[in-house]
Amino acid sequence: MTSTKLSLEEIYKLAYDSLTKNGCDDYNAQTVATTVTHAERDGSVSHGLFRIPGYISSLKSKKVKGNARPKIKLLTQNVVQVDGDYGFAPTSIKVGIPKLVEVCNKHGVGVLTIKNTHHFAALWHETESLAEKNLIGIACTAYKPSVAPAGAKKPLFGTNPISFAWPRKNKTPIVYDMATSTMAMGEVQVAARDGHKVPMGTGLNKNGEKTDNPSEIANGGVLLTFGDYKGSAIAMMIELLAAGLVGDLFSFEAKDEDNNDGGPARGGEFIIALSPDLIAGENWNEHAESFFNKMKSLDGVRLPGERRHKNRLNNSTRNINSDLVKKIKSL
Ligand code: NDP
């Protein structure tokens, strides 16, 4: 693989220019390009420039509105709803998070439901932005089916990611952000392309048999959830929260509606914020720090989020796949 060195400013410009040339107005392009740049900055490369061709396809097919103006509504004193106006999720998140912070700081708990958006990004952006305001954040979203519920051989769940962030005073937060499938489908496709095996238990072939051959999973097979029936229960919970509770599409409904242009399907997102200041009272930070110290004292432990936050300190260029750069410039 040949790579091209790009600064973060160049990454932003590449994303912004391709979005504006293909139907995004300045506001939407700025928001999405910022999310993409932050993903490259942190080394979340599967959700950085890699996603731009898909973003552009969905603008070209007019599935996604490049001039969306999400609208905010208070459903109760501490439940905020954002209607995304069929735009990309980062625009709705930008509108909803400040209001979520406000209601959570007042009531201790706040809920943000986002509907009628197209999510193609990592979820740590939203949970981490809550932790930066001294709040705990949990977010989840559903996607088109590629994962079988425990016991089944056919897909029903999306790779359904969930993220959690815990604030720390004067330190970067603890953040985990993970798909509930054994592996992201993109990684299975890369393993197939490169001729690598995947661990047994990653997925099933088209006959419903366990396989370590990624091509058999990607072509007519299915992924499994992590941790067998336990991960399956969490993936199911995410369907219920992000679709059932938010009032948007379940993964199977998103598939039925989607035009398969390669861009993100429509769906919802569920976000909850909790205030440790109001719920735990004084010293919650010191108390949690003693727990993190205990964890870190065990050999081999690292805290989730540390890898990204370390990458973030690097101000130099990032190595971007040259074919991808060429492809984005041609769009
Ligand atoms: P990974 O398996 O790479 O990582 C999951 C989490 O585990 C991360 O928070 C990571 O922290 C942490 N972690 C990894 N290794 C360790 C370790 N040794 N010790 C402690 N913590 C560790 O993520 P996934 O492949 O499951 O998901 C990748 C991304 O895909 C997510 O950002 C998710 O939001 C996104 N996604 C988005 C979808 C959408 O529809 N929008 C659909 C599916 C996935 P760290 O970051 O520090 O490495």
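The rules behind the values
- Residues numbered from 1 in each chain as written.
- Predicted model: local features only at pLDDT ≥ 70, side-chain atom pairs only at ≥ 80, totals over all residues.
- Heavy atoms only, no water.
- Helix = DSSP H or I, 4+ residues; strand = E, 2+ residues; numbered from the N terminus.
- Expected span 1.5 Å × (residues − 1).
- Buried < 20%, exposed > 50% of the residue type's maximum accessible area, 1.4 Å probe, protein only.
- Polar contact = N/O pair within 3.5 Å; in protein donor to acceptor, adjacent residues only side chain to side chain.
- Contact = heavy atoms within 4.5 Å.
- Near = heavy atom within 4 Å.
- Areas by Shrake-Rupley, 256 points an atom, 1.4 Å probe, with all protein chains shown as cover.
- Nonpolar A, V, L, I, M, F, W, Y, C, P; charged D, E, K, R; others polar.
- Pairing = 2+ DSSP bridges.
- Axes fitted to C-alpha atoms, helices over the stretch in contact; angles between N-to-C directions.

**Student:** Let's hear about helix α4 (residues 89–107): which residues, and what values?
**Tutor:** Taking 1.5 Å as the rise per residue, α4 with 19 residues should run 27 Å; its terminal C-alpha atoms sit 26 Å apart, in good agreement. Buried residues of α4: Ala89, Pro90, Thr91, Ser92, Ile93, Gly96, Ile97, Leu100, Val101, Val103 and Cys104, and no others. The first or second residue beyond α4 is glycine 108, which carries a positive phi of 90°.

**Student:** Describe the side chain of serine 181, and please don't skip the residues or the numbers.
**Tutor:** Its place among the elements puts serine 181 in the loop between β8 (171–178) and α6 (185–194). You can call serine 181 buried: its relative accessible area is 5%. Polar contacts involving the side chain of serine 181 include one to the main-chain carbonyl oxygen of methionine 183, which spans 2.9 Å. Sequence-distant contacts of serine 181, defined by excluding residues within four places in its chain, comprise Val147, Thr159, Leu223, Leu224, Thr225 and Phe226.

**Student:** Quick one: what's the story with helix α2 (residues 26–42), residue by residue and with numbers?
**Tutor:** Between the first and last C-alpha of α2 there are 24 Å, a value that for 17 residues agrees with the 24 Å anticipated at 1.5 Å per step. Backbone geometry just after α2 places glycine 43 at a positive phi near 80°.

**Student:** Hey, could you go over the site of the ligand for me, with residue numbers and the actual values?
**Tutor:** With respect to spatial proximity, 20 residues lie near the ligand, and among them Asp177, Ala179, Arg302, Gly305 and Arg307 are the closest. The backbone of alanine 121 places a nitrogen or oxygen atom 2.9 Å from a nitrogen atom of the ligand. Here an oxygen atom of the ligand and a side-chain polar atom of arginine 307 are 2.6 Å apart. Within the complex, the protein chains bury 71% of what would otherwise be the 930 Å² of accessible surface of the ligand. Of all the elements in the fold, those that place two or more residues in the shell around the ligand are β8 and α12 (306–312). For the shell around the ligand, the element with the most residues is β8, which contributes four residues. Taken together, the residues of the shell around the ligand break down into 10 nonpolar, four polar and six charged.

**Student:** Can you lay out the sheet that holds strand β3 (residues 79–88) for me, pointing to particular residues and giving the numbers?
**Tutor:** Overall, mixed pairing links the seven strands, which are arranged β2-β3-β4-β12-β5-β7-β8 in an open sheet. With one partner strand each, in any of the chains shown, β2 (71–76) and β8 form the two edges of the open sheet. Neighbour-to-neighbour, the strand axes of the sheet open up by a mean angle of 15°, direction not taken into account. Note: β3 against strand β4 (residues 109–118), seven bridges, orientation parallel. Within β4, the residue paired with valine 82 across the bridge is isoleucine 114. This element, α4, spans β2, β3, β4 and β12 (266–274) of the sheet and lies at about 170° to β4.

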